[in-house]
Each structure stands twice: as C-alpha cells, then as structure tokens.
Amino acid sequence: MISLEQVTKQYQDSQPVLQGLSLQLVEGQFACLLGPSGCGKTTLLNLIAGFIKPTSGQVLVDEQQVTRPGPDRGVVFQDATLFPWMNVLDNVRFGLRQQGMNQQQAVATAAEYLELVGMADFQAALPISLSGGQRQRVAIARVLALQPRVLLMDEPFSALDANSRERLQDELLRICTMRPTTVLYVTHHVDEAAFLAERVLVMGPGADNIRADLLLEQPRPRNRNSEAFNTIKAMLRAELDRLPCCISPSENKGDVL
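Q: So what about the overall build of the protein? Which residues, and what values?
A: Scanning the protein from terminus to terminus reveals 7 helices and 10 strands. Taking 2.2 N^0.38 as the reference for a compact globule, 257 residues should give roughly 18 Å; the C-alpha atoms of the protein span a radius of gyration of 18 Å, in line with that estimate. Expressed as lengths along the three principal axes of its C-alpha atoms, the size of the protein is roughly 55 × 45 × 30 Å. The burial tally for the protein puts 50% of its 257 residues in the buried class. As displayed, the protein has an accessible area near 12400 Å², and 48% of this comes from carbon and sulfur atoms. In the protein, 24 side chains carry a positive charge and 28 a negative one; their mean positions are 4 Å apart.

Q: Report on the pattern of salt bridges, specifying residues and quantitative values.
A: Two side chains carrying opposite charge are able to pair once their charged atoms lie near each other. Under the counting rule described, the total for this entry stands at 14 salt bridges. Between Glu 112 and Arg 179 there is a salt bridge, with its nearest N and O atoms 2.9 Å apart. With Glu 112 in helix 3 (residues 103-116) and Arg 179 in the loop between helix 5 (162-178) and strand 8 (182-187), this pair connects stretches of sequence that are 67 residues apart. Residue classification places Arg 179 among the partly exposed positions, given a relative accessible area of 31%.

Q: Summarise the sheet that holds strand 2 (residues 18-25); cite the residues concerned and give the values.
A: Ordered in space as 2-1-4-5, the 4 strands form an open sheet in which the pairing is antiparallel. The open sheet has two free edges, formed respectively by strand 2 and strand 5 (64-65), since each of these has just one partner strand. Bridge count for strand 1 (residues 2-9) against strand 4 (residues 56-61) is 5 bridges, and the pairing is antiparallel. Bridging from a neighbouring strand, Glu 5 pairs with Gln 58 of strand 4. Relative to strand 1, helix 1 (residues 41-49) is tilted by about 120°, and along the sheet it contacts strand 1, strand 2 and strand 4.

Q: Can you lay out the environment of Asp 72 for me, pointing to particular residues and giving the numbers?
A: Relative to the helices and strands, Asp 72 resides in the loop between strand 5 and strand 6 (73-76). Considering only alpha carbons, one finds Asp 72 and Leu 216, 144 residues apart in sequence, at a separation of 26 Å. Residues contacting Asp 72, with those up to four places away along its chain left out, are Val 61, Pro 148, Arg 149 and Val 150.

Q: Report on the side chain of Arg 199, specifying residues and quantitative values.
A: Secondary-structure assignment places Arg 199 in strand 9 (residues 199-203). One polar contact links the side chain of Arg 199 to the main-chain carbonyl oxygen of Gln 24, over a distance of 2.8 Å. Here Arg 199 is in contact with Leu 23, Gln 24, Leu 25, Val 26, Gln 29, Phe 30, Ala 31, Cys 32, Asp 213, Leu 214 and Leu 215, once residues within four sequence places are set aside.

Reading the values: rules and limits
Residues numbered from 1 in each chain as written. Predicted model: local features only at pLDDT ≥ 70, side-chain atom pairs only at ≥ 80, totals over all residues. Heavy atoms only, no water. Helix = DSSP H or I, 4+ residues; strand = E, 2+ residues; numbered from the N terminus. Rg over C-alpha atoms; globule rule 2.2 N^0.38 Å. Buried < 20%, exposed > 50% of the residue type's maximum accessible area, 1.4 Å probe, protein only. Areas by Shrake-Rupley, 256 points an atom, 1.4 Å probe, with all protein chains shown as cover. Lys, Arg positive; Asp, Glu negative; His and termini not counted. Charge placed at Lys NZ, Arg CZ, Asp CG, Glu CD. Salt bridge = Lys/Arg side-chain N within 4 Å of Asp/Glu carboxyl O. Pairing = 2+ DSSP bridges. Contact = heavy atoms within 4.5 Å. Axes fitted to C-alpha atoms, helices over the stretch in contact; angles between N-to-C directions. Polar contact = N/O pair within 3.5 Å; in protein donor to acceptor, adjacent residues only side chain to side chain.

Set out below in structure tokens:
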C-alpha cells in the first residue's frame, strides 16, 4: 500500500537523514518504527504524510506519488494540538465540516468516534480541562473520524506517565481491532513496540537506515508480564544494541531507549 523507492532526504548542507531507503508497508498492518533520536523516524513519517518532499526518490501510496498531505493519511502528533477555544465535540467535528459533511451528520459522526475512544461524556469540555491522556484520545478520535486509510502516529503517548501510556496502548489496539486500518507508529520505547506492533522496523543512523525488519507473530493484545513478551523485548533490545550511538537500556529502565 505504501512504497518508498530509493528515498533520500537531506536538509540544507547537513548529512542526509535518510539515504537510498526503500520500504514497502502492507495494507492493514500495524508497523512500528523503533530507534534512537536522530535516526530519521519522524522524517520518514513526514515524507509519507506529505509534509516534506524527498531530496530524491519517491513515496507512493496506492501507486500514486505523494506530493502533499491528503485525507487518506491521518497524523497523530506527540502533542494533541486541539483548538483550545473549541469544545471536544467541535474539535472532532471541525475536520468533517471542512470536508463538506453537513452539520447533523458531522455531529453524529463526531459523537460516534468520541464514544469509540471513551470520551463520549466530555463532548462539552474544553481541552484545558482535560488530562494529557484525554486530549490524546480526542486527537485520535478527530483523525479517525475522517476515516483515513493510513494512520501515522509520531510518539503520541511519550509525554504521558507510564500508567496512562499503557492504558492508551490498550485502547489503541482495541480501536484498531474494531476499525482496522494501516498504522505506522514512531516510538523509542521498546515495550511499546513489543506490545503494539505486528512488524517492527529498527532504524539507525547512517546510510542503511533500516537495520532490521521483524515480523512479530505472537497474537495481540500481548500479556506484558508473560515470558513471550519478555522474549520480544529482548530481541528488540538486541537489535538496538547493535546500533552506533545507541544508549543501551538498563535493567531497571529497559523500556526506554
């Protein structure tokens, strides 16, 4: 569904962030980009989103070259970026109205997706009154309501405490089961990739950005306390330990790179 063909991205006179990268993403798959800061994860996401253009090579979605953002690709950022002057319902409704949906249908659709993310009781609330996790639920509802074919997520839970992060990971898997979509999820948390992903792309700095391409066959949701889950984490850490300029996880804080 998504194809990158010999993509290089270089900012001004710096070294290329991505160089000669080729990659295919399968429709309906939940893939995680895992790697240290500065290895090009967000750049890769932004190329697929159409926010930036490659220096060379091309990015294709359904065999069509990506030249700009489009409604087929929804993006969830690390910060929820809600309109602070709009209540929760209006934040989700806004994009629907921009796409031409009538008022009654937009309200009904927004309410449906707020129900899906567990925020139905907060429709009249302003973003300032919500917790970080609640704001991210609204941000996810706003993107999903547009029914994109691809969901691009750039470390959306990294600013949350550990308990909130795990709860939203659970919710995200539940939502993706109910409303299947193709997901590309950027993270530097080993535990997060091990829990969420069907496929993990380990990225490192330098010309050969994709250092490992791993299919995780264990069924989801995975038990975070199981031996199988610890085996996945150990495998991912081993791949990260092979990277240059990679901080090795400690015994007590091994979930974060």
